[in-house]
Amino acid sequence: MNDLIGFFDSGMGGISVLHEARKLLPNENFLFFGDNANSPYGPRPLEEIRRLSAAGIARLLERNVKAIVIACNTATSAYAEILRAQHPELPIVGMEPALKPAHFARHGGKVIVLATEATLRLSKFERLMSLYGDDVICVPGKGLVELVEAGKAGGPEAETQLRVLLGPWIGQQIDAVVLGCTHYPFLRGQIQALFPEAQLFDGREGTAQRLKYLLEQNGLLSDGAPGTVEYQSSGGPEAIALMRSLMEKLD
Ligand code: DGL
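Cut-off values and rules
Residues numbered from 1 in each chain as written. Predicted model: local features only at pLDDT ≥ 70, side-chain atom pairs only at ≥ 80, totals over all residues. Heavy atoms only, no water. Helix = DSSP H or I, 4+ residues; strand = E, 2+ residues; numbered from the N terminus. Buried < 20%, exposed > 50% of the residue type's maximum accessible area, 1.4 Å probe, protein only. Polar contact = N/O pair within 3.5 Å; in protein donor to acceptor, adjacent residues only side chain to side chain. Contact = heavy atoms within 4.5 Å. Phe/Tyr/Trp six-rings, centres within 6.5 Å; stacked < 30°, edge-to-face > 60°. Near = heavy atom within 4 Å. 1 Å grid on protein atoms, 1.4 Å probe; cavity = no way out; pocket = protein on both sides within 12 Å on 5 of 7 lines; lining within 4 Å. Sits in = over half its atoms within 2 Å of the grid points. Nonpolar A, V, L, I, M, F, W, Y, C, P; charged D, E, K, R; others polar. Pairing = 2+ DSSP bridges. Axes fitted to C-alpha atoms, helices over the stretch in contact; angles between N-to-C directions. Core = buried A, V, L, I, M, F, W, Y, C linked by side-chain atoms within 4.5 Å. Points joined across faces, edges and corners; volume = space filled by probe spheres on them. Parallel < 35°, antiparallel > 145°, perpendicular 65-115°, else oblique. Left-handed = near helix turned anticlockwise from the far one by under 90°.

(A) Just the side chain of T182, in detail. The topology assignment puts T182 in the loop between strand 7 (174-179) and helix 9 (188-194). Its relative accessible area of 4% is what places T182 among the buried residues. A distance of 2.9 Å separates a polar atom in the side chain of T182 from the backbone oxygen of A71. Other than its neighbours up to four places away in sequence, T182 contacts D9, G13, G14, S16, V17, A71, C72, N73 and M95.

Written as structure tokens, this is what we have:
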């Protein structure tokens, strides 16, 4: 079953998830579509996020993908249920902030959840908070996606913006930080430096594991030679070049 696995994100963030999936599933053929021209999704109204997600994912469906990973917490919150209802036969993996493991990693301190405005506002996260929301500080990651999209992860502007957003909690007992947006693993080193004692959590590995499980369950694992990755973007060749370089940085 050597058909493509479709990956979707509003932009570069999904590359961090695809990297993990390639490690776990080296024989699979991936098609990644990033909607870089319309990123960020986080500040947009729900209906707009749904419309953009539908258009992006339609590009994957056109290629008869055997499974879809919505490698974006924001698009998952807005659109995964609709997509699942429309394609009940298709394995679909979504993402949510890794608050559950972060909650269990607490030892007297607090958990910071850094995610997009939409992820924090929508009902999927509300449900998660009702289960694991003790001692949680929610921080909308204003401006961070834009910096990653501009190839500025790791640079001084990202450092400044992270200090603006997270400054109030630096020096307090923060046991865990949840990177609740797939763009944020590219800022991991800078976030860890602000909270050296904290454990960082993101959903990448869990998502890759879930994908593997669903492929196995459905008899869809590839038996082919080493797998391939095809990159597509609404942002043109420059965006694709940055996708490739971000993928290499994670190697
Ligand atoms: N990478 C996306 C996420 O995981 C969203 C970024 C955006 O705001 O477009 O939430």
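Having seen the model, we can carry on.
(B) Region of the structure containing the packing of aromatic side chains. This model, assessed by the stated rule, comprises 4 aromatic pairs. Judged by centre distance (6.3 Å) and plane angle (15 degrees), the ring pair of F8 and F33 falls under stacked. Of this pair, F8 sits in strand 1 (residues 4-9) while F33 sits in strand 2 (residues 29-34), and the two are 25 residues apart along the sequence. Here F33 falls in the buried class, since its relative accessible area comes to 3%. A ring pair is formed by F8 and Y41, whose centres lie 6.3 Å apart and whose planes are at 45 degrees; its orientation type is tilted. Taken together, the residues F8 in strand 1 and Y41 in the loop between strand 2 and helix 2 (46-61) connect sequence positions 33 residues apart.

(C) View of the site of the ligand. Residues in contact with the ligand amount to 14 residues; listed here are only the nearest, S10, Y41, G42, T74 and T182. Separating an oxygen atom of the ligand from a side-chain N or O atom of S10 is a distance of 2.6 Å. The backbone of T182 places a nitrogen or oxygen atom 2.8 Å from an oxygen atom of the ligand. Because more than half of its atoms lie within 2 Å of the grid, the ligand is assigned to the largest cavity. Classifying every residue of the shell around the ligand gives 5 nonpolar, 8 polar and 1 charged.

(D) Representation of the sheet that holds strand 5 (residues 110-115) in the model. With parallel pairing, the 4 strands of this open sheet are ordered in space as 6-5-7-8. One side of each edge strand has no neighbouring strand; the edge strands of this open sheet are strand 6 (136-140) and strand 8 (199-201). Put simply, the sheet's adjacent strands are angled 20 degrees from each other on average, direction ignored. Where strand 5 meets strand 7, 5 bridges bridge the pair, whose relative direction is parallel. In the strand pairing of strand 7, I112 is matched with V177.

(E) Expanded view of the nonpolar core. Counting 51 residues, the largest nonpolar core has F7, L166, V177 and L211 as its most contacted members. Among the elements that take part in this core, helix 11 (residues 236-250) stands out by supplying 6 residues, more than any other. Beyond its immediate chain neighbours, meaning those up to four positions away, L211 contacts I5, F7, A21, L25, F30, A67, V69 and V93. In this structure, V65, I68, C72 and A78 belong to the second largest nonpolar core, which totals 22 residues.

(F) Quick look at the layout of surface pockets. A volume near 330 Å³ is recorded for the largest pocket. Going through the elements one at a time, helix 2, helix 3 (73-86), strand 4 (92-93), helix 6 (123-132) and helix 10 (204-217) are the ones with two or more residues in the lining of the largest pocket. With 8 residues, the top contributor of residues to the lining of the largest pocket is helix 3. Broken down by class, the residue content of the lining of the largest pocket amounts to 10 nonpolar, 4 polar and 7 charged. The space that makes up the second largest pocket amounts to roughly 220 Å³. In this structure, the second largest pocket is lined by 16 residues; those nearest its centre are E96, P97, A98, G203 and G206. Within the residue set of the lining of the second largest pocket, elements represented by two or more residues are helix 4 (99-104), helix 6 and helix 10.

(G) Expanded view of the pairing of strand 5. Most of strand 5 is tucked away: 5 of the 6 residues are buried. The sheet contact formed by strand 5 and strand 6 spans 5 bridges and is parallel. Residue pairing for strand 6: L114 is matched across the bridge by V139.

(H) View of the packing of helix 1 (residues 14-24) against helix 10. For the pair helix 1 and helix 10, the least separation of the axes is 8 Å and the interaxial angle reads 50 degrees. Relative to helix 10, helix 1 is oriented oblique. Two packed elements cross with a definite hand, and for helix 1 against helix 10 that hand is right-handed. Seen from helix 1, the contacting residues are S16, V17, E20, A21 and L24; seen from helix 10, they are R204, E205, T207, A208, Q209, L211 and K212. Residue composition of the contact of helix 1 with helix 10, grouped by class: 5 nonpolar, 3 polar and 4 charged.

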